[in-house]
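# Observations on the three-dimensional arrangement
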Amino acid sequence: MTDRPALPATEIVKGIPTAPNPQRLGDGPSVKSAIRVLQIFEFFLEVRRPARAQEIARAISMPQSSTSVLLRSLAHAGYLELNDEDRTFLPTPRVALLGAWLDGGPIRDGRLIGSLELLSQEVDTGIFVATRIGLFSQYIYVLPARAALRFHIPIGSRRLLVNSATGFALLAKAPNSEIAALVRRTNAEIPDVTIDPAHTLQQVEEVRRSGYAFSRGYVTRGAGAIAMPLPEGIDRSGRALVVSVAGMLDDFEEREAELVEALRRAVERLRLRI
């Protein structure tokens, strides 16, 4: 696996509006402290280095005093290690073992991440893995782009299934009747949203025909995203996963064929090794 430079978790795109994210992990009814713990671990997954309480608090939008208490509690329980010299925290192997029992295939043995790392080298864009959670496509893994101008989309971000590249790709094998029902539910349950069922069905049909979805500013003006289903068997529980690249729409319009071919190579590498 190729080493990636550590990125600051609070990095934002210079001159580019980041995608609005009203459906991030933690919205809605929940026990906030439990969600904050998960966000802390996702923060470390993204930055891949030790960090101080102040930086972590800023990244998860939590008061520093409360963050410090939570971090020390996790350190006391053995989930984080506190470096007394520089006052930084880092997850311990106990965290790595938490989900080890869930998967014995490409996720656990590193094949998925290795393929995504290679894809990142080839295309130099943000790389995302998403799965279906209710009415949403949720990003469960993120590799930020190396370029100076980039969108910052955190792990846990969610997009509407019926109006996003990752959502269209996830719905490719669903019957049209189910897709229409999802559009009706989305329009009824998500405030200030009105999705045209014909548009969603057209985009899903395009995935079935070409093998990928291309979102042209559906979530963020000026942003583009291309998504492709990952092979069955990546997740041993059978959950569908998709891989996506995201960046500036103008650039993606010019590079569509190149990006699609790189995604297909990444998918094929995994298919041959499952």
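Residues numbered from 1 in each chain as written. Predicted model: local features only at pLDDT ≥ 70, side-chain atom pairs only at ≥ 80, totals over all residues. Heavy atoms only, no water.

## Observations concerning the packing of aromatic side chains
- Under the counting rule described, the total for this entry stands at 3 aromatic pairs.
- Taking NZ or CZ as reference, R158 lies 4.3 Å from the ring centre of F136, over its face.
- Geometry around F214 places R216 over its ring, the cationic atom sitting 3.8 Å from the centre. (Phe/Tyr/Trp six-rings, centres within 6.5 Å; stacked < 30°, edge-to-face > 60°. Lys NZ or Arg CZ within 6 Å of the ring centre and 35° of its normal.)

## Points about the pattern of salt bridges
- Overall, the coordinates contain 15 salt bridges when judged by the stated rule.
- Between R132 and E178 there is a salt bridge, with its nearest N and O atoms 3.0 Å apart. Of the two residues, R132 is situated in strand β4 (residues 126-133) and E178 in helix α7 (residues 176-189); the sequence distance between them amounts to 46 residues.
- A salt bridge links R185 to E189; the nearest nitrogen and oxygen atoms lie 3.1 Å apart. Of this pair, R185 and E189 both sit in helix α7, 4 residues apart, roughly one helical turn.
- The partly exposed category is assigned to R185, whose relative accessible area is 40%.
- Several salt bridges share partner residues, and in doing so they unite E122, R265 and R269 into one network. (Salt bridge = Lys/Arg side-chain N within 4 Å of Asp/Glu carboxyl O. Helix = DSSP H or I, 4+ residues; strand = E, 2+ residues; numbered from the N terminus. Buried < 20%, exposed > 50% of the residue type's maximum accessible area, 1.4 Å probe, protein only.)

## A short note on the sheet that holds strand β7 (residues 213-216)
- Read from one edge to the other, the open sheet built from 6 strands follows the order β6-β5-β4-β9-β8-β7, with strand pairing classed as antiparallel. At either end of the open sheet lies a strand with only one pairing partner, and these are β6 (158-160) and β7. The average angle at which neighbouring strand axes cross in this sheet is 30 degrees, direction not considered.
- Alignment of strand β5 (residues 136-143) against β6, held across 3 bridges, turns out to be antiparallel. Residue pairing across strands places S137 opposite R159, the latter belonging to β6. (Pairing = 2+ DSSP bridges. Axes fitted to C-alpha atoms, helices over the stretch in contact; angles between N-to-C directions.)

## Section: the side chain of T131
- Tracing the chain through its elements places T131 in strand β4.
- Once residues within four sequence positions are removed from consideration, T131 is found in contact with F136, S137, Q138, I140, L170, R239, A240 and L241. (Contact = heavy atoms within 4.5 Å.)

## Focus on the nonpolar core
- Membership of the largest hydrophobic core comes to 31 residues, with the highest contact counts inside it found for F128, Y139, V162, L171, L182 and I190.
- Broken down by secondary-structure element, the contributors of at least two residues to this core are β4, β5, α6 (165-170), α7, α8 (197-210), β8 (223-229) and β9 (241-248).
- The residues touching I190, leaving out its near neighbours within four places in the chain, are L135, F136, L160 and R185.
- Judged by nonpolar contacts, the second largest core, of 27 residues, contains L116, V123, F214 and M228. (Core = buried A, V, L, I, M, F, W, Y, C linked by side-chain atoms within 4.5 Å.)

## Considering the environment of I153
- Looking at the secondary structure, you find I153 in the loop between β5 and β6.
- The sequence separation of I153 and I127 amounts to 26 residues, and the corresponding C-alpha distance is 10.0 Å.
- Leaving out residues up to four positions away in the same chain, I153 has contacts with F128, Y139, V142 and R159.

## Examining the pairing of β7
- Bridge count for β7 against β8 is 4 bridges, and the pairing is antiparallel. The residue of β8 that forms the bridge with R216 is G224.
- The turn joining β7 and β8, which pair antiparallel and follow one another in sequence, is formed by 6 residues; a positive phi near 75 degrees is taken by G217.

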